[in-house]
Amino acid sequence: MKVTVIGTGYVGLVTGACLSEMGNHVVCLDVDARKIEILNTGGIPIHEPGLQELVQRNASAGRLEFTTDIARAVAHGTLQFIAVGTPPDEDGSADLQYVTAAARNIGRLMTDHKVIVDKSTVPVGTADRVRAAVAEELAKRGVELAFSVASNPEFLKEGAAVEDFLKPDRIIIGTEDERATLLLRALYSPFVRNHDRLLVMDIRSAEFSKYAANAMLATRISFMNELSRLAEAVGADIEQVRVGIGSDPRIGTHFLYPGAGYGGSCFPKDVKALARSSAEAGLPSKMMAAVEAVNEEQKLVLVKKIVAQYGEDLHGKTFAVWGLAFKPNTDDMREAPSRVVIAELVRRGARVQAYDPVAAAEAKRVLALDLGPDALSAVHFAPSAPAALAGADALVIVTEWKEFRTPDFDVLAATLADKRVFDGRNLYDPALVRGFGLAYHSIGRR
Ligand SMILES: NC(=O)c1ccc[n+]([C@@H]2O[C@H](COP(=O)([O-])OP(=O)(O)OC[C@H]3O[C@@H](n4cnc5c(N)ncnc54)[C@H](O)[C@@H]3O)[C@@H](O)[C@H]2O)c1
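Not measured: the values here are computed from a predicted model. (Residues numbered from 1 in each chain as written. Predicted model: local features only at pLDDT ≥ 70, side-chain atom pairs only at ≥ 80, totals over all residues. Heavy atoms only, no water.)

(A) Just the site of the ligand, in detail. Residues in contact with the ligand amount to 26 residues; listed here are only the nearest, Asp30, Lys35, Thr86, Glu158 and Lys269. The separation between an oxygen atom of the ligand and a polar main-chain atom of Val11 is 2.8 Å. Between the ligand and the protein, one listed contact pairs an oxygen atom with a side-chain N or O atom of Asp30 at 2.6 Å. If the ligand stood free it would expose 830 Å²; the protein chains cover 90% of that surface. (Near = heavy atom within 4 Å. Polar contact = N/O pair within 3.5 Å; in protein donor to acceptor, adjacent residues only side chain to side chain. Areas by Shrake-Rupley, 256 points an atom, 1.4 Å probe, with all protein chains shown as cover.)

(B) Molecular detail of the pattern of salt bridges. Applying the stated criterion across every chain, the model contains 30 salt bridges. The salt bridge partner of Glu65 is Arg72, with a shortest N-O separation of 2.3 Å. Each of the salt bridges in this network shares a partner with another, and the network as a whole consists of Arg104, Glu136, Glu137 and Lys140. (Salt bridge = Lys/Arg side-chain N within 4 Å of Asp/Glu carboxyl O.)

(C) Focus on helix α1 (residues 10-21). In this model α1 runs 17 Å from its N-terminal to its C-terminal C-alpha over 12 residues, within 8% of the 16 Å that 1.5 Å per residue would give. Looking only at α1, the buried set comprises Tyr10, Gly12, Leu13, Val14, Thr15, Gly16, Ala17, Cys18, Leu19 and Ser20. Just downstream of α1, Gly23 is the residue with a positive phi angle, here 100 degrees. (Helix = DSSP H or I, 4+ residues; strand = E, 2+ residues; numbered from the N terminus. Expected span 1.5 Å × (residues − 1). Buried < 20%, exposed > 50% of the residue type's maximum accessible area, 1.4 Å probe, protein only.)

(D) Highlighting the pairing of strand β12 (residues 394-397). Neither face of β12 is left uncovered, since the one carrying Ala394 and Val396 and the one carrying Leu395 and Ile397 both have all their residues buried. Here four bridges tie strand β9 (residues 318-322) to β12, and the two strands are oriented parallel to one another. Bridge pairing in β12 links Trp322 to Ile397. You can see the chain leave β12, run along helix α17 (residues 409-415) and come back into strand β13 (residues 420-423), and the turn it takes is right-handed. (Pairing = 2+ DSSP bridges. Right-handed = clockwise from strand over helix to strand, strands pointing away.)

(E) The arrangement of the environment of Glu90 in detail. Structurally, Glu90 is set in the loop between β4 (79-82) and α5 (97-109). Among the residues examined, Glu90 registers a relative accessible area of 84% and is labelled exposed. In sequence terms Glu90 and Tyr10 are 80 residues apart; their C-alpha atoms lie 23 Å from each other.

(F) Up close: the side chain of Thr121. By secondary structure assignment, the location of Thr121 is in the loop between β5 (114-118) and α6 (126-141). With relative accessibility at 10%, the residue Thr121 sits in the buried group. Discounting chain neighbours no more than four positions away, the residues touching Thr121 are Thr86, Lys210, Tyr211, Lys269 and Asp270. (Contact = heavy atoms within 4.5 Å.)

Worth remembering: the numbers are spatial, not functional.
Structure below.
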């Protein structure tokens, strides 16, 4: 099939690469000429396990192309996937300007039947707006062309995006149109061969499902984070509680980890957008407000523990910070808790020696914006986890990369001046760490 993917970011690039892997001819469009240049010269603009090989293989085979040429992209695909960003607007609602712009481009340039598929996370009713935008552009041109609009929200997880796309838990398709349903079923059939995980539903329910899923996941995290504070206060161990409740199949073990707060490009904005949609419908969501408030507080939990230990003034203190990306296996720094932790430490006069296996370059870019050039001089980027420890008073762990899971505790104890570890991800057994003479502060444990 001929497929165009509009927006070549975390979702668009993975979608384009995985669809081309199944033999489709895919053209990926982006307005960001730098990204397209990187892709056209054999590079890759993001870190995502397995993606580079997939992109290179399919690009060499001529099945995967990258362009900034809108006319070419619109002309190419019968299926036009919209995978552009939907960042939060000032009032928390999803900003649909990029989605609408993409739709207008299609309407402005299409010359045959198109199936336009919203893959971006968009509020209920967006398909109608896309349809209206395309129809308006066609009317301006005075042409009558048939087209369909479908919703196909994406459920991939950054850090495992290729794997998730190739072996999806489910594929949701919202259509009200036989032709779109047939085409999308055919497109996705190679991904659901061993058992049909393709769910076809009405468009509004498909759009809603994505927000419902992310809101549920964010709720589980905030729930555990709130309980972790109570566990500390009453002398319980949240890790034991987690195992205790997770064994109930109605609860399940997944996504019950307390930590330093959720971040990323999805949960924060999707929780806000759902809250906004609820308010607009006259049904203000108490739960989404609480989920967000708990998370904002949780991003400060490590800083609170540090301040409880050292006081508000952190001049003269140096903290090694392990893990900057919002989660492991990605270089995505959007809403990463590390940004809050580092800003708060630097604001109190501390020096930071930061290390992340892949996100350092992106971290430098966003921290320069967060902190400004003066404050940024208090942050040094170390080339390895052990290098970040040299000369530090204490270690702060923000992201649970695998390489942090079994450090050499003798080295930690010998290197950290205060022999102190603040662990925002509960990576270690407290008794084990203390056995090495280290003070260990983790989340929700005595
Ligand atoms: N990142 C994730 O893990 C994830 C998972 C599921 C769903 N989503 C949703 O998918 C959407 C995209 O997310 P992302 O993380 O890939 O965003 P991203 O910021 O990585 O990529 C979006 C891309 O769209 C491009 N773009 C913007 N306007 C354009 C236009 N008119 N024409 C062509 N390209 C244009 C941007 O330059 C950018 O490269 C969002 O709605 C997001 O909520 C993201």
